[in-house]
Structures are given as C-alpha cells and as structure tokens.
Amino acid sequence: MASQDPICQAVNLSDGQPCKVVATTWENLFCRFHGKQCHGLYIGYKRRNAKLDALSENLPAYLRDSRVPLVNETFDVDDEATLRKIHTHLYQEYVLLGKVIDARKLHHKHFYPLHMDYGHQAYLDTLSNRRHIVLRALEKLETRTAQILYKKEKWYNWVREAQEEEEATREKESKKIKLEAAMFKRHWKKMQVRLRAQREKEEKQRQDAYLEAAYQERMSAQDSEEDAEMWDPIEDIVEDERNRYVELIKHFLWIEVLGDVDEHNDSAQKAAAASSELSADVEKLVISEDKQPKKGKKKPKSKAAKAAATQDKIKTQNATASKTRRTGQSRIMEMIDDDEEMPDELPEPDKNNIETESEMRKRLKEGVEKKYDNMEGPMLVGTLENPHGTYLKTPPLSDEEIDSLTKDIKEIKLLLFCRLLLSHASLLPAAIRASSVEEFLNDPDIAGSDLRDICLKVERPSLQDIRDACADLMRRDESETEVEEEDIPEEESFEDVILQEHRYGHLQDREWFRTNMLAQRRKLLASEKSQEELKKNFSKKPQKQGKMKIQICGKSIWNYASESSMSRDGWLQFSVMAKDCDLRHAVQLCRNWDEFSRLNFLTLWQYFPASNWVSWGSDRLTQQLHEIGFFPYFKDFEAHKHSHYHQVGGRSQHRRQHSFCEVRNIIVGHMRRNDSVTRRFLQYCTMRTGEILLLVRDGKTGKVITAPQQDQLWTMRRKEGLGRASKNEWEVMLEVGPLYFEMVDILRRWHLGFEDYYEVWIWDFVPCKDPIQLYNVLVTELRKAWRITKPIDMYSHREPFLRTLTRNKETLRVRSIKPGEQVKSLWDDVNDPSNTFLITDLSNKTTVESDGKTNNLSSPYLFYNEADAAEDLILFSDELISPNRNVPFKEVSNSITRLETTPTTMLNVMAEGARERTKRTKTRDLDDLLDPDSDEDWSTESESQVDEEERMITTHWSLPRIWEDSIAIVNHRHISSEKKKLLRRVGLLSEGTNVIRGGINSLDGIESTLQKADEIMIMEKDRGAALIEAFHAGDLEPGAQEKYAETCKILKGVLGPQKSFGTTEWVWFIVNILDWLGIRTDYTDYSYEPRTGWPHPFITQDIVKAFVAMAMFFPNLQETQPVTDFFKSEEGKQYKDSLLFKPQERAKTLPDCRSRASFKYRPKSFWKDWEAVLKDANDTKRCFADAYPMRWSVAIRPIIAKLYLAGIIAPAYIQNDTLVIPGFAVAAEEPHRPGQLDLFMDYADRDQAIQYPQNIPGFVSPSDWPELLPPARAFASKHGPGAKFAILRVWSAPHFYPAMLGGWNRQATSFMDGYARSWIWKFIPKDMPISEWSMYNTLKLRLELLQDQLQVGKRVIHRNEVMLVMGTDEVDLLKYVTAVTFAIQTKPWHREIDLWKSFVNVDLEFLEGLNPYWLD
C-alpha cells in the first residue's frame, strides 16, 4: 500500500481500534466495509426517527386526553386493558428512543470521532431526557398495574414497601453508569470471549464486503433501502448489550460461568484496549440531567499559597495521626474539643471480587490465613476453643461439606436474585410470570436498563440481602400460616414518668420525657373528645404481618426472613458467600439476642471458615467476657497512665502549688435485656459501689434504669493551682452522661441490629487503679450470675450447642453433627478427664491447675457458692417459682429509696392523687376499651370502687373514721357550756357553729389542704410512714412481721367506722387528756425543731390512735366501749382470742433474737473467733474476705440482703478499705441462742478510720439506768392492790433502733461484709458503740416534753427503750399510757409502741413474775 493512500477514519465497533484499511468510499473517508456500515446506520436511525414521530402522533386515548405531563402522571386508571395499551405504547417509545440514541452515538463516535457537532449533542440530550421520563413513567405504570392485579394478594403491601424503599434510595443515573463501567472493568477477563466473538463476526463481514464488491459495483450506483438495512449494526449492538448483562448475571449466579482467557496468549495491550472499550461502551447511556458541568480553568497558585497549603496538609496529617494514636477517654476529650459528629454507618466490605465455584472450593479446601489486625489484648493458644493447629489458618473443610455448601450457595444465589427483583417495580410482573431464572432472563419484554440495574445489584448485594437469601433457603419448606405475635407495650405511669425525669432526667434524652408525657396526656388527662378518639384508636388493633411468601421465578421468597433468627447453617453459608465481611458487620444483621449470642459462640469455636471473623473477641480477656454474656464495645483501661499527683511543698523556694489528675477505668458493653442472668449480674454490681459504679440504659426505650449518685458520674477530673490542694475544688473534665454517650457511639466499631439489650456502663470507684481489678470484679460477678460453681461449669450453659458440634481430629475443623451420626461431640471433649483447667489470678500473678470439677482455689468465693445461693434466695425470691424467667432488671425499691429519690413529698402525694383520679378516665379492663361495639361508659368507675380508692389515699392524712362518727353523735346532742369551754381550750370547738370540728375525708379536700401546708411538715409526715414500713421490713425476728401485720389489721378495724352508736364518753376522755397535757388540736404552724413533738396539725389523729392502741387492753371500762365493741363484731371476732391479749402466755416466750448489747459492752471473748480469722489472713497474706469462714457467710449474707431490700442499709460509696471503713460484719453465737449464728458488727477500727468522740455530753452508762421493779413495788405499797402498771417497749428491730443516722455520720458506722463489700447503715445499728445510750437519751428527751404532767421519774420511768407507767387504777393508767403513747408516736411519726412486747394493765405480781429480759 502506497504511503499517500488515505486511511479509513472509522473506528471498529468490536474492539474500538482505528481501522487501518485504505479508504475507498465516501470521498475517501471510509473503507468499503465501513462505508456500508456508516450508510446503513444512517438509514437505520432516520427510519427509527420516523417511527418515533409516528408513535408520538398515535397516542392511546388516556395519554391523548390527559392534561397532566407524562413526568407527573400517576395513571389513576382501574381498567387493566387501558393500562396494557398505555404500557405497550410507552414500552415501544422507550425501546425506539434507546435505539435512536444508541445509533446516533455510534454513528458519531465510530465514523466521525474527530468532528465536534454541538447541535447533534443537544438533540441527543433532548432524546435522553425524554427517554428518562418515559422510563420513570413505565415504572409508575408497572406499579399501578401491580396494584390493580395484586392488590388482593396479601404479599402486595410488603412488596410495595420494598419498592418504595428502593425508590427512596435509588442511585442517580450517572453513578449507575460509573458503577457499570467499573463492573465491566473488573470482569474484563470474563468478557474476552465475547469480544473475540465480536471481532470474528466483524472480520467475516469485512471479507464478505470485498467478495461482493464487484457485484455491487455492477448494480446501481446507489444502494437500495434493503441493502442499507442489512448493514445497520444497531440491532446487533442492542442485542449484544442485552446478552452481555444476561451473561454477567448468569456468571454471578453460577448458572453459566464465563471462562477466563489465557493471559499468556493475550498481550497486556489487548487487555487494556478491551477494558477501555468496555468502559467506553457504557458511556452511551448518559442522560442530560446528570451531565457533569464543565470545569473552569484553575488559576495557578502562588508560591506562598503552595507553601501554606503544604503546611496545613502537614498539620492535618499530624493531627490525624495523633487522633489515631489516642484511644479511650483521651480520644473522647479530643472529640469534644473538635466537636466531632456521628459518622456514617459502618462501611460494608468490598464485595467486588465475586468468586467462581472453583475459587470458592479451593479456598475452603486449603483454608485461608487469619487476620489479627484488630487484636487488643493477649491471645491464648492451645485451648479447647483455639487449638495450636488453627492459629495461623482456618481449618480446611471436607469434600463432602464443600459439596453440600456449594449446592446450597447455588440455590442461595438464585434466591438472592429473586429477592433483589422484589424492589424493582418494572421487573416484578415478569418475575412473577417466569417459572425459573433462565426464563426470566430470556423474557424479551425486559428493558436493557432494567437488566443493567439488576446486574449491578447482583454484583454488589448488601449484606442484608445475602443474609435474607440464606434465611430463605432454610425456610423453603415452611407452611404459609398466619401468626400474630402478642406485643405488649411497656407503659409508664404518670408518677413513674415524673419521678424518672426528676431522678435521671440529666442522663436521659429529653425526647423520652416528652414522648411519655404526651402519652400520659393523651391517655389520662384527655378531654371528652380526645377520649372518644383515644377509644377509637385503641379499638383499632394494629394488624401485624403474618408469615407470607411470594413466588418469584419459581422460588418462594418470605417476607419475614430478615425479622427472625437464622440457623447456624445459614450463617455458615453467609460467612462463605460474604468472605470479606467482618463479624462486626454480621452482628448488625442479627435480629435478636439469641441469634447474636449463638453467632458469637460459633465464632469462638471457629465454626466459620472466615479469616476476618477471628479478631472478634480473640484476646483472652474479651473472649472470657463474651463467654459469659457481656459484650464490651468501649473500654479505657489506662487510668494509671493518665493519672498524676504533682505537688511542690511550701518549704521550697517556690510557692506551694499542685497539679492533680484522676482518671477512672471504664468499660461499656451490651447484655441481654429482661434476662435472669443479666438481672443477677447487675444487682450484684449495684452492691459493690465501693469498687465499681454502674449505669444501665434500656436499649429499647432509652430509659436509664439505674445510675450512681450525681457526684460519682465523673471519670476524669483535675485540680491544679497555687496553695494547698485540699482547699481547691475538683474540676470535672469528663463525666458519664449524654455527651459521653454520643462520643462513645462515634468511637464504637460495631452496633446491634435489634433493641433487645441493656447498655451497661461500669467504671472504677477508686481512680488510678490497676484495670485488672475491674476486670476481675466483672468476671467474678458474671460467673456467679451464671451460677458457675466450678471451672468446668463455664461450658455448662452451652451444653446443648456443644453436644451438636464435633471437631475433626486431623483438620481440627468444627462442624455440625448430622442426625444419627455417632461421633465424639465438643461436649465430650470438654469433659475429657485428661483436660487441665488453669485459673490465673492476674492481680497476684499466680496460676492454679485444676481438673475442672473441684474448686481448689485459694479463695472459696471465686465461684458460685453456698453463701451466694443463700443470698440469692433473698434477692431473687421470685426465682423459686421459675428460675429462668424473662424478668427486667429494676433498682431495689423500698420506702426509703422512694423517699430519698422523690423531689418533695408533695410531688409524691399529688402524683398519687392524679394517678388515682385519672383512673376514672382509664379503662378498668383493656378488653372493654378494645371493643368498638361496647356501649359502656369506660371513662368512669363504679362509686364503690372510687370510694375505696379515695379511702386508701386519705387514710394517711385524715382523721380516723371512728372519731368522725363519734363527734357526729356528740354534735347531734346537746353540748353543755362547760364542755364547750373544754373544747375551746383544746381547739376542737368550731366557733361559727359551736360544734366539734371534723376533718377532711375527701381526696380533693386533702389535695387542696396539702397545697397550702408546710412542705417540711408534709415531708416529715410521709417520711414517718415510709420509715415505719422500712423498719418492719427489716425486722428479722421470727414471726415479728406476722404479729405486726395482725396488729395493723386490728387497729385498722377499730379505727374504722364505729360499730355501735351508744356512749361517747371516750371522746370526752381524750379531750380531757389533751386539756391535761396542755396541747391544742388547732395548730396551724409547724415546729422545725426535731426534738419537739408539737405543734402540728395532726394532734387529734395521733391522740386517737394512741388511745385506741391502749384501750384494747382495758375491756371493762366504759371509756373503751367503742373499742371493745369491735371485738364483738363479725370483723373483730377473729382477733378476740389473739395472743396479743394474753400477756401471761406472751411473757413465757422470750423473743428469738440477738441481744441489744453494743460493741463497746461485749466481752473480748465474744470476738475471739473473728480475731483468729484476721490473724490467719494476716499470716497467709490474704485479704480477710478470702479467709472468711463460709459458714459465717451463709449465715449473715441473707441477713444483710434482707436489711438491704428493706432500706435499712445500703451499698456505700466508700472504698472497701480498712483505712476508711471502721467496721466488719461478723457472724457469732450468743449464750442464750446456742447454735444460731447472727449478724454482729466489729467496730474496733484497727486502722483508725474514724475519730470517735471521747466525751459525750449527758452520757449515762447502762449500769446507771434506773431499775423498774423497785419503784413499782413502792407505788403498789402506797396505792394498794388497785394499782395498775404497764410495761411499754418502744419498737426496735434485732439489729437496729428506729432512729435515723445523718448522711454526715454514716461513714462512722460503715462496714464491710465477708465478701469485702462496703455498706452503710441508714439507722442506728445496735452494735454501734454506746447505741444503747442513744436510744435511752431519745426517750428521755421526748418524755421531758411532758415532764410535769407525766411526773417523769415518779409515775413514768424508762430504761433504754422500756418504760414503766404506773396508775392508781385502770382509768388512771389508761390516761397515762395514752399520754405516753401519744408522746412517743407523734412527730416525727416513726416511733411506735411494740404492743407484742408490751404488757398493759397488769398488776405488781405480774411484773415480779416477768423474766428480767422484759424489764431491760
């Protein structure tokens, strides 16, 4: 060929390479072949343009008449035939537009690549926009058609939701084009076979063109229309494009695997050329709306600007590197300073490298290297879970297992494809029609763009789609049945919401309070109209989707696959398919805690052949926490590195200065929600406040369930400046709270895909501690929560799973045991007698070997033991009924905790009243509310029910009913002037009506009164009731609580409505007592002085109660007739013969409880066993808790638990160290109770933790207290045989007195139990040094208020909590005992006379016959 011959300027359609043949046609622009091709292409797109114009003129009637632009059309048509016509028209238009656009692009690109025709490009943009509009209209039309055809199908709503979600997250067309180009580039090797076929076809056409050249020249100079059509390549291009998508889909689904080309035969240049051609081919799909704007010219930077940019880049890199190096709380401090925000979701792994079947088989057969990139701690190799042989590589699978997996994965890929089709509205009808995937792919009605979209989805499926497809395989044999699960909402009461917000509002999201208050407003405080709407809303029971499926390409796709647990086989298939997935991604796909826990367990035992899953919990410390149900996601164990104490003394040449920084170790993790093990663990942690602090958040509601007191929330604080450090205040730098929660959410590397968990925050109480101590506490309490009694029990809770797994002895592969297969299970391996269990004490750096079945450790308390079991019987008594109940964790709640956490008692009262009132607008029975046909007025309650509720509320605040009934009788009768004077002196006479004033006995009246009353008075009144409730809950004397309950029933009955309407002498008897004592009943002011018993507005109530309590023991007096009438009524007959009224018999049996002697007055011999324990611990260099006798722990830990539940003691925010805690809990026997261990306190304070006062003003030794019998004998001899006596004993429990300890004084009585837990007493313990005098002095001060009236020291004598009251006769004694009882039981309303240990209305002979115990 001569050098001057022109060369064809066309580009080959097959490989994108320039043609090198001599140009002979079209004015020497093209070779003969390309000339034919160019002319044919030109004629072809002109013809298709004409068809397109004709199609636009022949619109269906609906489109022709519609005034809505096609882009906004919703096709509101119910006729299927009309929709079909519209679809046919739009589909033809869509196909024609595609062919016109493709032909014009091909014509310009391959035949005029060097010509810039802007008018041509503008026309293409117009066509592309039109095609996009038609495509979206087709999708809407398909959706409308599906709605008409399938609306009656129960799966339609579910499928429509999937489609709407897909539309909402649809990627832009430009991004799809880039993804398509990248896809073809990744799979260019697979596409080489197709490129070769295209080149061969083009070469054959070229040869045919030369062979027919002579014949064509003999024909007319201009080719015919038919000949031009024959050379039009667009049909082949469109078909080839479609087949390319189909073949890739088949390749991805392992239906037809494309063969790889031999790299030795194809040069790198050809590969690059083919790759560039594939990338270029997809550019023809660009539409104008996604067209990229032209880039303007950039102005070159100056040297100074470049230097500044370089410096900024270096600073940014250094800052990034610094952030990367920092971890834990120091990283959080940086994030707070930088105001970092929540990142996007965890990025999914790269799924571009889709394996072929052969590649997957090879990987499973040979195993892959494990990746330990994210390990955070030491790893233990050679254990049952992690043998030496599996350290570097995953164990290989057997051929049989690989064959089974391959077969399943092929089916899963088809199911995955079918599930992906659900979200494409335009593909759904064809997918439902098709009986197989192949039939679907061969459907000619499917547009190429739809195939492209689904091809991109198949190549890059989400992990959720893969998981659902694996679940579909497991559920293919299930029957389709409707199942409605009961979903019981967790509702909060009005009072709970208010108190929760007050207590933990600073830790919770404000949205929680707002949402719950709005719910309360709608539910409880609604107007009439709102109530009807509420009733209507409740009546509409939400319909939950049952199990349902849809047939896609002949496969059953279930709607609930993503909502239920997946089997272990399903997860095995998932781990093989998503081979680059990290377990942190996988846990997000779990739908409940059981599935998450099983997945973790199987990963721990290396069930999955995935290299990326091993780093999850592989370090030994985290792994052990995972094994027993705690999954940490944030931890900072570097407190000892960041804490410092720098101080310069005042004697140096510089001024005194200091710089302190204290940091606490912290760990945050998830635990199962509403689980008995979780509940036990969290309860154990709340009882160790001297070592760790706990905060628990509910993952479902966001509610903070428990948290330490606010001043203990800090985890990092500092103190620096000049002068003494003790005079400076701590500055909190970081504390647990909403901001901390947000920062940890940013830092954490994995999340759960469900809400059924608790978020558990645990941090050290003592700063700058070794983190291993925190870890040891966690592991120990978790073991005990699981009730693990010996090392081998660590595996017991997983026995059902271990029995279904086996390990190949050669490959070490763990797999499932087949049904009927006889092999050695992992449970057999665990119980192998040759196993050795190593228990390491990281604190003391010692290791103990064990066979796993015996506990030969230095401390008997490391595992669950008898003492733990005895304590659990008290803490979790409900587990006696059902040990594994799904129960939520709740804080210990008692009258004391409620008292301490309520902002004011007024709020508590008003919340109680609001709750009770709004019950009238609530339904009594949920079924009534849910019944839309019910005509019953559900907004009101029966009068009797309302009366009962109001009576319960007002009892605490109103006058006794017996008093109201009696004064009504008195007021009805004539009241003499003398009596009116008497009533006026005691403040009972109503001046306006000259009758005895009554009380307030309605809920509304009490609320209005309380709103005006003194808040301190209300608080102390309610506090008295709360304390009495706690006192008796902490009374551990056998039978004492039953006796008290009986007394309360009797008193409640007597104080109720009067049983007879005869005498009213008892009213005047009480009035005379008040006049004698000089006390009025109409006080409006209130004394804040704690030692005074009045004034206060509850005098009448208190004196009536005191009279009734004493009058029961005077059945023969006229003044007590209303009381004795009660025992003649039906209600009171059952108590007539109660032992309470038989003092002779009661006196014969002494109380079965420990003596009241305090630590100071116990002999040294009493503590000899305890001293021996301390000596043994000191000699063996052990903590006293490790040497503590188990027998003692079994005896006293249940006692401590009972006192804790009652609110008598509480976990102390004091370090469990003898340097700050003076007491020890000790078990011992007393001579009068041989063989019965009880709880005693050793307050020897060997390390001088507390400075006790040496001289106490007014102290009287017990040896100097007056004896009671001598004055009784003297009084009897003076007043003769008619003299009567009463022994009144103020109530006290075996272990404490009814006297509060101030918060400032509680450390002085703090103690450690046998488990080294710190506790404080909230009330005076009887073991407190000189506690006897404390009670003696309290009674002395109270009786001195009525010193003259009661003739204290003559007619009333007291010794400790026992008082002797003497009367000349029964009436006189009744007057005195009523006055004494009133003085004791009135303000502050938390002291009572113990009627069961008192003896009222007895003679001297009875006193002389009493055991000395009763008089001491």
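Anyway, here's the lowdown on the structure attached to this text. None of the values given here were measured: they were computed from a predicted structure. (Residues numbered from 1 in each chain as written. Predicted model: local features only at pLDDT ≥ 70, side-chain atom pairs only at ≥ 80, totals over all residues. Heavy atoms only, no water.)

### A word on the overall build of the chain
Quick note on the threshold: By definition, any uninterrupted DSSP run of H or I lasting at least four residues is a helix, any uninterrupted run of E lasting at least two residues is a strand, and each is numbered from the N terminus. Each residue is placed in one exposure class: buried if its accessible area under a 1.4 Å probe, protein chains only, is under 20% of its type's maximum, exposed if it is over 50%, and partly exposed if it falls in between. Throughout, a contact is declared for two residues whenever any of their heavy atoms are within 4.5 Å.
Of regular secondary structure, the chain possesses 54 helices and 28 strands. Classification of the 1416 residues of the chain by burial places 53% in the buried group. A separation threshold of at least 6 residues defines the contact pool for the chain, and within that pool the share at least 24 residues apart is 77%.

### Brief notes about the packing of aromatic side chains
Test applied: Side-chain rings of Phe, Tyr and Trp, where Trp is taken by its six-membered ring, are said to pair if the distance between their centres is within 6.5 Å; with planes under 30 degrees apart they count as stacked, over 60 as edge-to-face, and otherwise as tilted. Think of it as a cone above the ring: NZ of Lys or CZ of Arg counts as a charge over the ring if it is within 6 Å of the ring centre and within 35 degrees of the ring normal.
Under the defined criterion, the tally for this structure stands at 56 aromatic pairs. Ring geometry for Phe1031 versus Phe1296: centroids 5.9 Å apart, planes at 45 degrees, classification tilted. Placement of Phe1031 in helix H41 (residues 1015–1033) and of Phe1296 in strand S22 (residues 1296–1300) is noted, with a sequence separation of 265 residues between them. Of the two residues, Phe1031 and Phe1296, both sit in the buried class. Considering the side-chain rings of Phe1399 and Trp1414, the 5.1 Å spacing of their centres and the 85 degrees angle between planes classify their relative orientation as edge-to-face. Of this pair, Phe1399 sits in strand S28 (residues 1399–1402) while Trp1414 is found in the segment after helix H54 (1404–1408), placing the two residues 15 residues apart along the sequence. The pair formed by Phe1399 and Trp1414 is uniform in burial state, with each residue classed as buried. Aromatic rings pair up to connect Trp593, Phe596, Phe631, Tyr633, Trp750, Phe754 and Tyr757 into one cluster. Lying across the ring of Tyr607, Arg813 places its NZ or CZ 5.3 Å from the centre. One cation-aromatic arrangement involves Lys1021 over Phe1098; the distance from NZ or CZ to the ring centre is 4.8 Å.

### Observations concerning the sheet that holds strand S7 (residues 692–698)
Rules: In this description, strands pair whenever DSSP reports at least two bridges between them. Axes here refer to lines fitted to C-alpha atoms; in helices the fit is confined to the stretch in contact. Angles between the N-to-C directions go from 0 to 180 degrees.
Taken in spatial order, the five strands make up an open sheet running S3-S6-S11-S7-S8, and their pairing is antiparallel. Both edges of this open sheet fall to strand S3 (631–636) and strand S8 (704–706), since each of them pairs with a single strand only. Recorded for the sheet is a direction-independent mean angle of 20 degrees between the axes of neighbouring strands. Two strands pair when backbone bridges link them, and S3 and strand S6 (residues 666–672) are joined in this way by five bridges, in the antiparallel orientation. Following the sheet pairing, Phe634 is matched in S6 by Val668. Each of S3 and S6 touches helix H13 (residues 328–338); the most contacted strand, S3, lies at about 75 degrees to it. Docked against the sheet, helix H29 (residues 738–747) engages S3, S6, S7 and strand S11 (757–764), running at close to 110 degrees with respect to S3.

### With respect to the pairing of strand S19 (residues 1223–1230)
Strand residues, when the strand is regular, have side chains that alternate between the two faces of the sheet. With seven of eight residues buried, S19 lies mostly within the body of the structure. As judged from the two bridges shared by S19 and strand S23 (residues 1311–1312), these two strands associate in the parallel manner. Among the inter-strand pairings, Gly1223 is bridged to a residue of S23, identified as Phe1311. Inspection of the sheet shows S19 paired to strand S20 (residues 1233–1242) by six bridges, in the antiparallel sense. For Ala1228, the partnering residue across the bridge sits in S20 and is Asp1238. Counting the residues in the hairpin turn of S19 and S20 gives two residues.

### As for the nonpolar core
Cut-off, in case you're wondering: Among buried residues, those of type Ala, Val, Leu, Ile, Met, Phe, Trp, Tyr and Cys that are joined through side-chain atoms within 4.5 Å constitute a nonpolar core.
In this structure, Phe440, Phe574, Trp761 and Ile762 are the most contacted members of the largest nonpolar core, which totals 274 residues. Element by element, the count of residues in this core is highest for helix H15 (residues 399–421), at 11 residues. Residues in contact with Phe440, not counting those within four places in the same chain, are Phe417, Leu421, Leu427, Ala430, Ala431, Ala434, Ile446 and Cys553.

### Description of the pattern of salt bridges
Here is the rule we go by: The salt bridge criterion pairs a side-chain nitrogen of Lys or Arg with a carboxyl oxygen of Asp or Glu, the two atoms within 4 Å.
Tallied over the entire structure, the rule returns 68 salt bridges. A salt bridge links Arg419 to Asp472; the nearest nitrogen and oxygen atoms lie 2.9 Å apart. Within this pair, whereas Arg419 is found in helix H15, its partner Asp472 is found in helix H19 (residues 463–474), the two being separated by 53 residues in sequence. When its relative accessible area of 0% is taken as the criterion, Asp472 is described as buried. Here Asp793 ties to Lys790 by a salt bridge, and the two come within 3.4 Å at their closest N and O atoms. Relative accessible area serves as the criterion here: at 26%, Lys790 is assigned to the partly exposed category.

### Examining the side chain of Glu781
Mapped onto the elements of the fold, Glu781 is located in helix H30 (residues 771–785). In this structure Glu781 comes out as buried when scored by relative accessible area, which is 2%. The contact partners of Glu781, leaving out residues within four places of it in the chain, are Phe681, Tyr684, Arg688 and Tyr1315.

### Describing unusual backbone geometry
Of note, the bond from Trp1094 into Pro1095 is cis; its omega dihedral lies within 30 degrees of zero at 15 degrees. Note the cis peptide between Lys1387 and Pro1388, where omega equals 15 degrees. Structurally, Pro1388 can be placed in the loop between helix H53 (1370–1385) and S28. Unlike most non-glycine residues, Cys768 shows phi in positive territory, near 60 degrees. Within the element layout of this structure, Cys768 appears in the loop between S11 and H30. By relative accessible area, which is 31% here, Cys768 ends up partly exposed. If you check the backbone angles, Asp1245 has positive phi at about 55 degrees while not being a glycine. Of note, Asp1245 is situated in the loop between S20 and helix H50 (1269–1279). Look at Asp1245 and you get buried, because its relative accessible area is 4%.

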